[in-house]
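A structural walkthrough
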Amino acid sequence: MSEQMTAKVDVDLAQPSILSRRSPWRYLMLLAGLAVLVMLPYWIYPPVAMDILCWGLFAISVDLLLGFTGLLSFGHAAFWGGSSYCTGLIAIHWGVPFPVAVLGGSVFAMLIAWPIGWLSVRRTGIYFAMVTLAFAQMIYFIANQLRDLTGGENGLQGIPRTFFGIEAVETDAFYFYYAGAALIVVGIAIAWRVVNSPFGRVLTAVRDNPARARALGYDVEVFKIKAFVISAGLAGLAGGVFAISHGFASLQELSWTTSGKVVLITVLGGIGTLWGGLVGAGVVVTLEDYLASSGFEGIGLITGVIFVVIVLLFRHGIWGTARNALRKYVIERRRSRHE
Amino acid sequence: MSAFIQYTLQGLAAGGFYALSALGLAVIFGVLGVVNFSHGACYMLGAVISAVLLAELGIGFWAALVVVPIVMFGFGVLMERLFVRWLLALDPLYNFLLTFGLTLIIVEAVKQRYGVSGLPYEIPAGLGGQVTVGSVNLSVYAIFACVFSVVVCLAVGLLMTRTRIGMIVRASTENADRTRAFGINVTRWVTPVFGFGIALAGLAGVLAAPTRAITAEMGSNFIIILFAVVVIGGLGSILGAVVAGFLVGLVEAYGVAYAPAYAQIVIFVLMAAVILVRPSGLFGREEVA
């Protein structure tokens, strides 16, 4: 029941872009995006810029499920946090270059996502959100129990930033940003490729009409599990870079508030927009950074208010609203030309 | 053996908190189709309000048992009128997210006002101490909490099965459109039912106040366990919510007693097992996918 309703709300967002594939505007927008990516650490404090990219990819991974498969995972902190611990442990104990450690963390996230996804896809809609939330909480408790490995309440400290002996990257957050950003861009590219592939088309079909997708011979549950595991891998990639960037992994990364925060970023950016996640992350991370540096303590208050406001008044999110406005403008202009 | 009976009693007392809250969650879900994320926060508010009533107005436990549910009923009515109502026509996920946002606000507001350390609340006079049955020492308050929640659950059960209001609520849960076709104004019952569900969470909070640490965060883990409870029981089922509530309370108590390191994890393993064997929950009906 609820699956179909998800589709009904966002169906207008799922239409193919108004700009044709070969439109020069597409390349211009991509170039502009890359330019922002390159310039970001010049404009804002580099570790904050890195945070934006990490949370952005994390939100994209959630959007891959919510916007393109119709599943709201409220337990993605398990994969982000699980990977940040695993990445940290690999980096500390084996001293490998950090991209290798992040890759390891990402694989670990996919490994724990498989059984969780396998169990969770048995329920749909709102149940899926509740079940994933509960499993993520289980991972949280397990991490808290494995004190010898994870450091319990203290977290995992002193994660090194080994990078092929290139000292600039290892010590300077500014250069590290570019090394980390390369990994995030790979993640975004994977997400984009998944969405714009025959596989992604099936996911959209599963979202819009699971019964029909099943009738067409697609094993709906298998596609959901695959999407879940891919999404977890991307969340793990983001979480791994985040852990390396901060030099520690804490239980906070696994907590349900982290799952909530990433859903907030996704909805703020716009469900089913993919790129919206980066915009949402930009807003939320800079806002939190600003509030924290100005000594304001009730961040939860602000986050909660944003949540309530966007859900009540602004459901298409930033990117979705902008895209709809652009689409409307282009259609209007075409119509006036024809007259 | 004596220890086992004590753990059972503790489990049933804790299960009472879960059962009462899950009952509220199930009733709200049944009639409105809303999964109320802020249910844990409302449970916390119930406990905090009873502590504040005692500290600032001198209103004791027994009065709080009556006053707090009424206050929370009003709170629920406000919440439904101001926020939840506008999203009822949309996908239930939006109300899930909305109530999540409200949870953040409520928890942070309580944290700002009353700090992060626990508020004091003592076991009310007459319910303290232990009673010895045979060779077993049992906490009087645990017995009270357990009996009280069973009585409330039974009362709600009777309300649901023996009164006209209950019939309307059950019919709306079953099939809101068909109920409307029979000439029942379902919309009129939406607000009171939401308030009623919130009041039950508040009542569970009052009951929990004397034995649990009253902090802004006390509802955070509670709501997740509550979700496990309703997944186990089947969210559509009122009986399922109550039975699963007590079941989870027992599992948790035995977990704390015999495998303290894994007490929390056991609940989620139980949930996984239920999803594996009966995806719709122990008392739930099959979902039409």
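A separate point is the overall build of chain B. Of the regular secondary structure elements, chain B holds 11 helices and 2 strands. For a compact globule of 289 residues, the expected C-alpha radius of gyration is about 19 Å, and chain B comes in at 19 Å, within 12% of that figure. The principal-axis extents of the C-alpha atoms in chain B amount to approximately 60 × 45 × 35 Å. The burial tally for chain B puts 52% of its 289 residues in the buried class. Long-range contacts, defined here as pairs at least 24 residues apart, represent 77% of the contacts in chain B between residues at least 6 apart.

All names here are of chain A. Of note in this structure, Leu-274 is not a glycine but carries a positive phi near 60°. Locating Leu-274 in the fold gives a position in the loop between helix H13 (256-269) and helix H14 (276-293). Under the C-beta neighbour-count criterion, Leu-274 is labelled buried, with 21 such atoms within 10 Å.

Right, let's talk about the environment of A:Gln252 for a bit. Within the secondary structure layout, A:Gln252 lies in the loop between helix H12 (220-246) and H13. Note: C-alpha distance between A:Gln252 and A:Gly155 (97 residues apart in sequence) is 8.8 Å.

Here we take up the interface of chain B and chain A. If you look at the interface, chain B gives 37 residues, while chain A gives 40 residues. The greatest single-element share of the side of chain B that touches chain A, amounting to 15 residues, is contributed by helix H4 (residues 92-114) of chain B. Of the residues in the side of chain B that touches chain A, the class split is 31 nonpolar, 3 polar and 3 charged.

What follows concerns the confidence of the model for chain A. Do not read the predicted coordinates in detail wherever pLDDT is low. All names here are of chain A. For chain A, per-residue confidence averages 87 on the pLDDT scale, and 94% of positions sit at 70 or higher. When pLDDT is averaged over each helix and strand of chain A, the minimum, 40, is found for helix H1 (residues 2-10) and the maximum, 95, for H12. Here residues 1-14 is modelled with pLDDT under 50, and outside its nearest four sequence neighbours on either side it reaches 33 contacts, counting other chains as well.

Criteria and thresholds
- Residues numbered from 1 in each chain as written.
- Chains lettered and ligands numbered in written order.
- Predicted model: local features only at pLDDT ≥ 70, side-chain atom pairs only at ≥ 80, totals over all residues.
- Helix = DSSP H or I, 4+ residues; strand = E, 2+ residues; numbered from the N terminus.
- Rg over C-alpha atoms; globule rule 2.2 N^0.38 Å.
- Buried ≥ 20, exposed ≤ 12 C-beta atoms within 10 Å, placed from the backbone.
- Contact = placed C-beta atoms within 7 Å.
- Nonpolar A, V, L, I, M, F, W, Y, C, P; charged D, E, K, R; others polar.
- pLDDT = per-residue confidence, 0-100.

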